[in-house]
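# A closer look at the structure
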Amino acid sequence: MKTLILQGLAVLGFVFFSAMFLVWWERKVSALIQNRVGPMVVGWHGTLQTVADSVKLLLKENIVPSGVDKLIWWLAPFFVVVPPVMAFVTLPFGKSMIVRDLNVGVLYVASMTAICVLGIFMAGWGSSNKYSLLGGMRAAAQIISYEIPLLLSSVLVVMETGTLSLQGIVEAQAHGWFILKPHLAIAFLIYLIAATAEVNRCPFDIPEAESELGAGYHTEYTGMKFAMFFVGEYTSFFIVAAMATTLFLGGWQGPFLPSFVWFLIKTYGIIFVLMWVRWTLPRVRMDQMMSFAWKVLTPISLANLLIGGWFMVNA
Amino acid sequence: MDLQELTKILNERFPGVLGEENKTAVVIKKESLLEVARFLREDDCAFENLHCVTAVDRRDKMELVYHLYSFKLKFMLTLKIYLASDDLAVETLSGIWKSANWLEREVYDLFGIKFLNHPDMRRILNPEEWTDYPLRKDFDRPDFIRLPQTEGLKAGG
Amino acid sequence: MPMTNFDIKNIDPEKEDNLSFEELIVNMGPQHPSTHGVLYLELTLDGEVVLDCRPHIGYLHRSCEKIAENRTYVQFIPFTDRLDYLASMNNNLGYVLTVEKLLNLQVNERAQYIRVIIAELNRVASHLISAGTLAQDLGAYATPLFYCFRDREKIVELFDTLCGSRLTYNYMRIGGVKNDLPPGADTSIKSFIKYEREKLKEYDDLLTYNAIFLSRTKKVGILKKEVAINYSITGPNLRASGVPWDLRKEEPYLVYDRFNFDVPVGEAGDAWDRFKVRLEEIEQSFRIIEQALGGIPEGNPTVKINKVYKPAAGEVYLRTENPKGELGFYIVSDGTTKPYRNKIRSPSFSNLAVLPELVRGVNISDAVCVLGSLDIVMGEIDR
């Protein structure tokens, strides 16, 4: 029981530290790309800027707009934050750094990240704001569509290893990362694209599309509730990057350095790539994005599944 | 093509339509605006572009000024209509040139000249509740210090 | 704000007509990230498709034309800065040219060359902002915007050394300009052109031929040639629709007839063409500036300013090619020191009027894209 509480605290601590770090890092990466310096005042190179921002958000007045659907509106931020945090339970950070090695790990993490859509849609619906509603609708359509290629590409890994346990998948990659196999490399690309859409990041950030919808589903939130959407977003972001690492890049496997360092290096590497994409590309349109999911990604991942299966049977 | 030539053509085509002599503009009678405009829009002159519509308050009368441009003739025609102060209404040109829609709304908003059969005759720059016409010479500066009444903004008071 | 009067409790599943389908009216603006100022668009949506769009303008109405009637001719020059605040030099130029025509005033050669150089530099600055903001509207998260502002900053700094301001320059004078070019301006403009040419190639890679950018702007908001002329669209928007019409070429003012430059023309008249035409115009402006710098004569371009001018009674309508389109000043003089009427025909006003035609039936994201590609500035629409 004692270890369980400690583990829980460790996960929570890591989640908030990671979210804060990612916000700071995102600002630094964007500054690098845009010929700026980014936050520089609070702490060394602005490292404490996010802390200051969180304190500001904590102290802010919590404005409840009249006309919101109160219950739904209040619950929505929790639905966005809690499931990704729960997904941490089965992430293999290192050789023995895992809270519970569930035997349905892949499925569990996928379902936890998918629950976020409920929170986003609740926020969009409950806000009684037309922009939020449009954002919520877009999010629902988008996340559910991209769930399919995301899972189909993960299924290939499961077929390769024969286990749903994440620790088992990492151990299966001891003699070579899965990304080195051609059909799994394709699956990795599909996973990365679908994951970008899954966490609403540019070029698939249409649910919050600031130039169209103001701020989309979280238009009406202030203070800590707004911050919770942020934490939820960056936590999901970390989860999909960590899953990509686990499924395709050998997880914590690596020489010399401790295992969890390898895991973090790989995860943050993927996060850096996704940030780079975000600050470079324009946003796609709703219908283009949907047709990309259904007409391009889903067929390719299905075909890839078929080809990969054929390889496994014949090789 | 210059103004004299055009005046001659218009005089032949529409006898009696031209109003007073003017060195820089063609002045026509209010009633014949639509047919003259249609003629000017056609192929011979091809004034395809209604560049600007505005008005000048001459105190005793209102002067409505159309600037028409022809890409073919490379000529900017100034077409004028004089309106009596008590009869500020004229046929709209928005059926011929789409650009007239907003330009005429602006003239209505600032001068109070009504355009008949206009598809959307509302104020464009000033608030809908505004009652005065700011660019008229007899316009009084509204008292901005007084707070607006609850039933709407009253100008000139 | 209750969205609809839709209440789940009132629904009788047996009856079909209890389910009502309503159009969604979205008030986009006057405070909205992508309405380029205080524009208010009343959009009627069916899902995400725009059924109707009603622009409401006037939030920035400062009655410039009324002010002009109460100011002397010289006093009104600073007010023209505030029309299209992204191209203040060009507005100054249009106004002083009109007054000079009214006064029959001759301007010396050097002043004319300086005016051309400065107006073209400001055109480049304005087009850079236009390109950056369109990319921003398409959701390219500020990166192209920052790049464009970084480049524009160099022009702004040059103007700062020229006349001491960064946005509202008040530089042109009736009969000349305020200051001569500062020493070293020649080399700094040339090095800027060299720098910017490199950067334009970079923007082509980053944006112009980017697959997502192409798919977002190609075949979006197609403005047909006939419609464009009928709506009195001018400037890059007209040229993007395939009309090779540029006042600098067709009815040259200043010394534009001495320079070689092309008029970039689009084909389809879609948002991409409007974007591309602007980028190409930057290159043409560079050509004009280089030739002007090469042929600039000696002399004193500054003038001693009269406090008042008294033009003879009469009227003048003069158009100049602004970055946004043709800016016209219609000045009626009654022989006094103040204009009797000063009508400003602003290009953005006419360019915005066509918006409802272009966005009917497109997705809400595309409506934002079309608005961005029209490149409007509310300062000169509302005046």
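Since this is a predicted model, take the numbers as computed values, not measurements.

Parameters and conventions
- Residues numbered from 1 in each chain as written.
- Chains lettered and ligands numbered in written order.
- Predicted model: local features only at pLDDT ≥ 70, side-chain atom pairs only at ≥ 80, totals over all residues.
- Heavy atoms only, no water.
- Salt bridge = Lys/Arg side-chain N within 4 Å of Asp/Glu carboxyl O.
- Helix = DSSP H or I, 4+ residues; strand = E, 2+ residues; numbered from the N terminus.
- Expected span 1.5 Å × (residues − 1).
- Bend = angle between axes of the 7 residues up to and from the residue.
- Buried < 20%, exposed > 50% of the residue type's maximum accessible area, 1.4 Å probe, protein only.
- Contact = heavy atoms within 4.5 Å.
- Domains from an automatic or database assignment.
- Buried area = accessible area lost by both parts, 1.4 Å probe.
- Polar contact = N/O pair within 3.5 Å; in protein donor to acceptor, adjacent residues only side chain to side chain.
- Core = buried A, V, L, I, M, F, W, Y, C linked by side-chain atoms within 4.5 Å.
- Pairing = 2+ DSSP bridges.
- Axes fitted to C-alpha atoms, helices over the stretch in contact; angles between N-to-C directions.
- Nonpolar A, V, L, I, M, F, W, Y, C, P; charged D, E, K, R; others polar.

### With respect to the pattern of salt bridges
Residues and elements named next belong to chain C. Considering all chains together, one arrives at 46 salt bridges over all chains under this definition. With its nearest N and O atoms 3.0 Å apart, the salt bridge here joins Glu-290 to Arg-197. Taken together, the residues Glu-290 in helix α11 (residues 271-295) and Arg-197 in helix α6 (residues 185-208) connect sequence positions 93 residues apart. When salt bridges with common partners are traced through the structure, they connect Glu-120, Arg-123, Arg-239, Asp-246, Arg-248, Glu-281 and Glu-321 into a single cluster.

### Regarding helix α11 (residues 286-314) of chain A
A rise of 1.5 Å per residue sets the reference length of α11(A), with its 29 residues, at 42 Å; its end C-alpha atoms lie 41 Å apart and thus fit the reference within 8%. A bend of about 35° at Phe292(A) is the largest found in α11(A). Within α11(A), burial applies to Met286(A), Gln288(A), Met289(A), Met290(A), Ala293(A), Leu297(A), Thr298(A), Ser301(A), Asn304(A), Leu305(A), Gly308(A) and Gly309(A). Where α11(A) is buried, its residues meet α5 (130-161) and α7 (182-198) of chain A together with α7 (211-217) of chain C.

### Overview of the domain arrangement of chain C
Where interface size is quoted, it is often the accessible area lost as the parts come together. Residues and elements named next belong to chain C. By domain assignment, chain C separates into domain 1 (8-56) and domain 2 (64-382). In this structure, domain 1 and domain 2 have C-alpha centres spaced 36 Å apart. In this assembly, 17 residues from domain 1 lie in contact with 17 residues from domain 2. A buried area of about 1,400 Å², summed over both sides, lies between domain 1 and domain 2, and 67% of it is on carbon and sulfur atoms. If you sort the residues of domain 1 by the area they bury against domain 2, His-36, Glu-48 and Val-50 come out on top, with a joint share of 39%. For Asp-52, the salt bridge is made with Arg-360, and the minimal N-O distance between the two is 3.4 Å. Taken together, the links from domain 1 to domain 2 amount to four residue pairs in polar contact (both at pLDDT 80 or more).

### Focus: the environment of Asn90(C)
Residues and elements named next belong to chain C. Mapped onto the elements of the fold, Asn-90 is located in helix α3 (residues 88-103). It is 7.1 Å that separates the C-alpha atoms of Asn-90 and Asn-122, two residues lying 32 residues apart in sequence. Aside from chain neighbours lying at most four places away, what touches Asn-90 is Ala-119, Asn-122, Arg-123, Glu-321, Asn-322, Pro-323 and Leu-327. Polar contacts involving the side chain of Asn-90 include one to the main-chain carbonyl oxygen of Ala-119, which spans 3.5 Å.

### Focus on the side chain of Asn92(C)
Residues and elements named next belong to chain C. Take Asn-92: it is sitting in helix α3. Within polar-contact distance, the side chain of Asn-92 engages the backbone nitrogen of Asn-170 at 3.4 Å. Residue contacts for Asn-92: discarding those within four places in its chain leaves Ile-77, Thr-80, Asp-81, Tyr-169, Asn-170, Tyr-171 and Met-172.

### Topic: the nonpolar core
The biggest cluster of nonpolar side chains holds 244 residues, and the ones touching the most others in it are Phe238(A), Leu64(B), Tyr66(B), Leu77(B), Ile113(B), Ile57(C) and Tyr171(C). For this core, the two domains that each supply at least three residues are domain 1 (8-56) and domain 2 (64-382) of chain C. In this structure, Trp73(A), Met122(A), Ala123(A) and Ala139(A) belong to the second largest nonpolar core, which totals 14 residues.

### Structural notes on the sheet that holds strand β3 (residues 49-56) of chain C
Where strands meet in a sheet, backbone hydrogen bonds hold them as pairs that are either parallel or antiparallel. All names here are of chain C. With respect to topology, three strands assemble into an open sheet ordered β1-β2-β3, the strand pairing being antiparallel. A strand with exactly one partner marks an edge of an open sheet, and here the two such strands are β1 (24-28) and β3. Each strand of the sheet is rotated relative to its neighbour by a mean of 20°, with strand direction disregarded. In this structure, β1 lies alongside strand β2 (residues 40-46), joined through five bridges in antiparallel fashion. Opposite Ile-25, over in β2, you have Thr-44 as the bridge partner. Across the sheet, helix α14 (residues 364-374) lies against β1, β2 and β3, angled at about 150° from β2, the strand it touches most.

### Describing the interface of chain A and chain C
Taken together, the contact pairs 32 residues of chain A with 38 residues of chain C. With both sides pooled, the region where chain A packs onto chain C buries about 3,100 Å², and carbon together with sulfur makes up 57% of that total. Among the residues of chain A in contact with chain C, Lys130(A), Pro282(A) and Arg285(A) are the three that bury the most area, contributing 21% of the side total. Connecting chain A to chain C are two salt bridges. For the salt bridge of Glu48(C) with Arg138(A), the shortest nitrogen-to-oxygen distance reads 2.5 Å. When residues of the side of chain A that touches chain C are traced back to their parent elements, those giving at least two are α5, α8 (210-213) and α11 of chain A. Ranked by residue count, the leading element in the side of chain A that touches chain C is α5(A), at five residues. Residues belonging to the side of chain A that touches chain C are distributed by class as follows: 12 nonpolar, nine polar and 11 charged.

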